[in-house]
Amino acid sequence: MIVYQKSYKLSMEIFHLSAKFPKEERYSLTDQIRRSSRSVPTNIAEAWAKRIYVKHFVSKLSDSLAEEYETEVWLDYSRDCNYITLEIHSHLMSEYDEVRKMLISMINNPSKFTK
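This structure is a prediction, so every number in the text was calculated from the model and none was measured.

S.K.: It is not clear to me how the pattern of salt bridges should be interpreted in this structure. Could you clarify?
M.R.: Should the charged atoms of two oppositely charged side chains come close, the side chains can pair. All told, the structure shown has 13 salt bridges when counted by the stated rule. With a closest N to O distance of 3.4 Å, K9 and E13 form a salt bridge. Pair noted here: K9 and E13 are both in helix α1 (residues 2–18), with a separation of 4 residues, about one helical turn. Of the residues examined, E13 reaches a relative accessible area of 24% and is grouped as partly exposed. The partner of D63 in a salt bridge is K60, and the shortest N-O contact between them spans 3.6 Å. Placement of the pair is D63 and K60 together in helix α3 (residues 54–80), with a separation of 3 residues, close to one helical turn. A residue is classified by how much of its surface remains accessible, and D63, at 33% relative accessible area, is partly exposed. Relative accessible area serves as the criterion here: at 14%, K60 is assigned to the buried category. Within this structure, E68, E72, D97, R100 and K101 form a network of salt bridges that share partners.

S.K.: It is not clear to me how the packing of α1 against helix α2 (residues 29–49) should be interpreted in this structure. Could you clarify?
M.R.: What describes two packed helices is the angle between their axes and the distance between those same axes. For the pair α1 and α2, interaxial distance at closest approach is 9 Å and the crossing angle is 165°. The pairing of α1 with α2 is recorded here as roughly antiparallel in orientation. Helix-helix and strand crossings are classified by hand; for α1 and α2 the assignment is left-handed. Together, V3, Y4, S7, Y8, S11, I14, F15 and S18 of α1 and T30, I33, R34, S37, R38, V40, P41, I44 and A45 of α2 make up the contact between the two elements. Along the lines of polarity and charge, the residues of the contact of α1 with α2 split into 10 nonpolar, 5 polar and 2 charged.

S.K.: How do you make sense of the nonpolar core when you look at a structure like this?
M.R.: One broad trend across soluble globular proteins is that nonpolar side chains are buried collectively. Of all hydrophobic cores here, the largest spans 22 residues; its most connected members are L61, L75, V99 and L103. Contributions of two or more residues to this core are made by α1, α2, α3 and α4 (86–108). Here the element with the most residues in this core is α4; it accounts for 7 residues. When neighbours within four sequence positions are excluded, L61 is seen to be in contact with I44, A47, L103, M106 and I107.

S.K.: Before we go on, may I ask you to explain the environment of L103 in this structure?
M.R.: Mapped onto the elements of the fold, L103 is located in helix α4. Since its relative accessible area comes to 0%, L103 is described here as buried. Spatially, the C-alpha atom of L103 lies 8.8 Å from that of I44, the residues being 59 residues apart in sequence. Other than its neighbours up to four places away in sequence, L103 contacts V3, V40, I44, L61, S64 and L65.

S.K.: Which parts of the structure should I look at to understand the side chain of S18?
M.R.: Within the fold, S18 resides in helix α1. Of the polar contacts made by the side chain of S18, one reaches the backbone oxygen of F15; its length is 3.0 Å. Once you skip the residues sitting within four places of it in the chain, S18 turns out to touch T30, I33 and R34.

Each value, and the rule that gives it
- Residues numbered from 1 in each chain as written.
- Predicted model: local features only at pLDDT ≥ 70, side-chain atom pairs only at ≥ 80, totals over all residues.
- Heavy atoms only, no water.
- Salt bridge = Lys/Arg side-chain N within 4 Å of Asp/Glu carboxyl O.
- Helix = DSSP H or I, 4+ residues; strand = E, 2+ residues; numbered from the N terminus.
- Buried < 20%, exposed > 50% of the residue type's maximum accessible area, 1.4 Å probe, protein only.
- Axes fitted to C-alpha atoms, helices over the stretch in contact; angles between N-to-C directions.
- Parallel < 35°, antiparallel > 145°, perpendicular 65-115°, else oblique.
- Left-handed = near helix turned anticlockwise from the far one by under 90°.
- Contact = heavy atoms within 4.5 Å.
- Nonpolar A, V, L, I, M, F, W, Y, C, P; charged D, E, K, R; others polar.
- Core = buried A, V, L, I, M, F, W, Y, C linked by side-chain atoms within 4.5 Å.
- Polar contact = N/O pair within 3.5 Å; in protein donor to acceptor, adjacent residues only side chain to side chain.

Below, the structure is given as structure tokens:
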């Protein structure tokens, strides 16, 4: 699925960017942004595994969407703390906007993806 591939790629971008965050952020911002960004594709994979049950499928996609929104907030913090540039922030937010739209479409039209 494209949404999985895109969100996985984004989580890896965030991993590499966050490696440059200050050490004092290791157990706060760095940990949180990595966790939430990794949860997006992880929950998509779990949704796919549960696609024979529409309600479970939608529930896991909903979890993925929540993690996507959380990641956006951590990206805002990263920008406001000057850990990432405005350009990088805009790029990541634009990419996550696409992920969000795909997730919302899947949530609203689960029959296209479920058995």
